[in-house]
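Fold and geometry: a report
Each chain, written out:
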Amino acid sequence: MVYFIFIFITFIFSLLEFLNFKKINSGNIHFPERNAFISFDGIVYFYLAFYLILLGALRYKTGRDWSGYMPFFDICLTDETGGGWEKGFVFINNFFKSTFNSFYFMQFCITFFAGTVIYSNIYKTSKFPIFTIFMYFVSFYLQTDMAQTRQFIAMAIIILGFRFIKQKKIISWILICLLSMQFHITALFAIPLYWTTERKISLGVALFLFVMALYLEFFGLQLILLVFSIVLKMGFIPARIGTLIQAYIISSDYGKMVEFGSGLGFLIKVFFYCLMLFFCYINKENKSKENFLLNFLIGFIFSAIGRNFDVLGRIANYFLICGNGLVAYNLIADKTAFYKKADILRLFQAIIFVLFFVLSFMSTFNSPAVGYRRDYLPYKTFIMRENY
């Protein structure tokens, strides 16, 4: 219920956002028309973001990370950890264990820090922040805020260092990525954001990346296996990532299909993505570099790989969340000259898009193969853990 309440509220306010029910404001550098210090949509967004932060910060044995992180926290000050953990995450555990001796306080602090950074960034970079936080929730929330504490920290650090990309300070950017790798090794793949962020690409390049992602998502399992085997033999990737790939290949976790990831759902998703490309290149206003289309397409490719190898799909987070690829979804809802004489069609299109992702989320959430209901319901909070 706690998840679907959020979906319902963001659905309603996303529609109002599409109707331009307020003057948007956040001091955002991309949208100079935001000139008031605070606005109605800002208040709504604040409460929505705060709700998600509390949902992740106060959880008790809910999600997919606690079963591994809680035992590690209990023994982090001993010699029984067995290694294999990033040094930054070990340091945080040691600090909270020795100072507060509370896993839940550590969880609260990490979630509050990372959630504040990520949701603030969404508000600053998106023309439709409520719509974007809706897309974040249905696409990433359960797998990041409530399942990947280490990567959650790494993503927040990447976002905090994003200004070095705008300032063209490559050394500072690489140092930020190296710092993030101390919490999750996959932050190595965030380095290319320096060259892909806000970069304009031709329609031909966009179509090539788009078709590649479709192929990998629907037909590319054997190709992915071949590439992985070659990469592992060459031995130039970090040992931690190589170990994860090997463990994942021999497990039964890859190759799982979820409804709305194939069949009619797949075709509908492809249709909407084609619309995004169409509106990006037909409308001069949407050709601005702020749509982050390249990061979206790269993230789409890694998401496609993650369809068969979930652990590698996490790389998409750096392009879609840290690299603001999610902002590209605004192309579906933004005004365009194509609908200049019939703007109601734009609204209808955006409503169908949002409804599709609502149904997709519900289908995935209820899928026995994915197991979200088992891991996330019933929602429990450590404030009331004595009652469970």
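Everything numeric here is computed off the predicted structure, so don't read it as measured data.

**Here we look at a nonpolar patch on the surface**
A cluster of nonpolar side chains, namely Tyr215, Phe218, Phe219, Leu223, Leu226, Val227, Ile230 and Met234, defines an oily patch on the protein surface of about 770 Å² accessible area. When contributions to the nonpolar patch are tallied by element, the ones reaching two or more residues are α11 (203-218) and α12 (221-234). It is α12 that contributes the most residues to the nonpolar patch, 5 residues altogether. Tracing the chain through its elements places isoleucine 230 in helix α12. Owing to a relative accessible area of 42%, isoleucine 230 belongs among the partly exposed residues under this scheme.

**Side note on the side chain of threonine 125**
Following the sequence through the fold, threonine 125 ends up in helix α5 (residues 103-125). Here asparagine 121 takes part through its backbone oxygen, which lies 2.8 Å from a polar atom of the side chain of threonine 125.

**Section: the packing of α5 against helix α6 (residues 129-144)**
At their nearest, the axes of α5 and α6 sit 9 Å apart, and the two run at 140° to each other. If you check the angle between α5 and α6, you find them oblique. The crossing of α5 and α6 is right-handed. Residue-level contacts link Ile118, Tyr119, Ile122 and Tyr123 of α5 to Pro129, Thr132, Ile133, Tyr136 and Tyr141 of α6. Here the contact of α5 with α6 is built from residues that sort into 8 nonpolar, 1 polar and no charged.

**Observations regarding helix α3 (residues 66-75)**
For α3, the full list of buried residues reads Tyr69, Met70, Phe72 and Phe73. The buried side chains of α3 occupy one side of the element, clustering within an arc of 165° when seen end-on.

**Let's talk about the environment of leucine 347**
With respect to the secondary-structure elements, leucine 347 resides in helix α19 (residues 343-365). As a C-alpha pair, leucine 347 and leucine 19 span 328 residues in sequence and 7.6 Å in three-dimensional space. Beyond its immediate stretch of four places on either side in the chain, leucine 347 contacts Leu15, Phe18 and Leu19.

**Structural notes on the pattern of salt bridges**
Under the criterion given, the structure shown has 7 salt bridges. For aspartate 65, the salt bridge is made with arginine 59, and the minimal N-O distance between the two is 2.9 Å. Residue aspartate 65 is classed as buried on the basis of its relative accessible area of 5%. Judged by relative accessible area, arginine 59 falls into the buried class, the value being 2%. Note that arginine 150 and glutamate 86 form a salt bridge whose closest N and O atoms lie 2.7 Å from each other. Taken as a pair, arginine 150 in helix α7 (residues 149-160) and glutamate 86 in the loop between α3 and α4 (87-99) lie far apart in primary sequence, 64 residues in all. Neither residue differs from the other here; arginine 150 and glutamate 86 are each classed as buried. A single network of salt bridges, built from pairs that share partners, joins Arg64, Arg374 and Asp375.

**Comments concerning the packing of α6 against α19**
Across the interface, α6 lies against α19 with an axial gap of 10 Å and an inter-helix angle of 20°. The orientation of α6 relative to α19 falls into the category roughly parallel. When you trace α6 past α19, the crossing you get is left-handed. Each of Phe131, Phe134, Met135, Phe137, Val138 and Leu142 in α6 lies in contact with α19, whose residues at this interface are Phe353, Val354, Phe357, Val358, Phe361 and Phe365. When the residues that make up the contact of α6 with α19 are grouped by side-chain class, the tally is 12 nonpolar, no polar and no charged.

**Details of helix α1 (residues 2-18)**
Between the first and last C-alpha of α1 there are 25 Å, a value that for 17 residues agrees with the 24 Å anticipated at 1.5 Å per step. Among all positions of α1, only Tyr3, Phe6, Ile7, Thr10, Phe11, Phe13, Ser14, Leu15, Glu17 and Phe18 are buried. Packing partners of the buried residues in α1 comprise α2 (40-57), α6, α18 (330-333), α19 and α20 (372-376).

**Considerations on the nonpolar core**
Formed by 125 residues in total, the largest nonpolar core has its most connected members in Tyr119, Tyr136, Trp173 and Tyr329. Among the elements that line this core, the one with the most residues is α6, at 11 residues.

**Describing the environment of asparagine 121**
Mapped onto the secondary structure, asparagine 121 falls in helix α5. On the accessibility criterion, asparagine 121 (13% relative accessible area) is buried. A sequence separation of 38 residues divides asparagine 121 from isoleucine 159, and the C-alpha atoms of the two residues are 7.5 Å apart. Apart from the residues lying within four places of it in its own chain, the contact partners of asparagine 121 are Ile159, Ile321 and Asn324.

Calculation notes
Residues numbered from 1 in each chain as written. Predicted model: local features only at pLDDT ≥ 70, side-chain atom pairs only at ≥ 80, totals over all residues. Heavy atoms only, no water. Patch = residues over 30% accessible without salt bridge, like charges linked within 9 Å, V, L, I, M, F, W, Y side chains within 5 Å. Areas by Shrake-Rupley, 256 points an atom, 1.4 Å probe, with all protein chains shown as cover. Salt bridge = Lys/Arg side-chain N within 4 Å of Asp/Glu carboxyl O. Helix = DSSP H or I, 4+ residues; strand = E, 2+ residues; numbered from the N terminus. Buried < 20%, exposed > 50% of the residue type's maximum accessible area, 1.4 Å probe, protein only. Polar contact = N/O pair within 3.5 Å; in protein donor to acceptor, adjacent residues only side chain to side chain. Axes fitted to C-alpha atoms, helices over the stretch in contact; angles between N-to-C directions. Parallel < 35°, antiparallel > 145°, perpendicular 65-115°, else oblique. Left-handed = near helix turned anticlockwise from the far one by under 90°. Contact = heavy atoms within 4.5 Å. Nonpolar A, V, L, I, M, F, W, Y, C, P; charged D, E, K, R; others polar. Arc of directions from axis to C-beta. Expected span 1.5 Å × (residues − 1). Core = buried A, V, L, I, M, F, W, Y, C linked by side-chain atoms within 4.5 Å.

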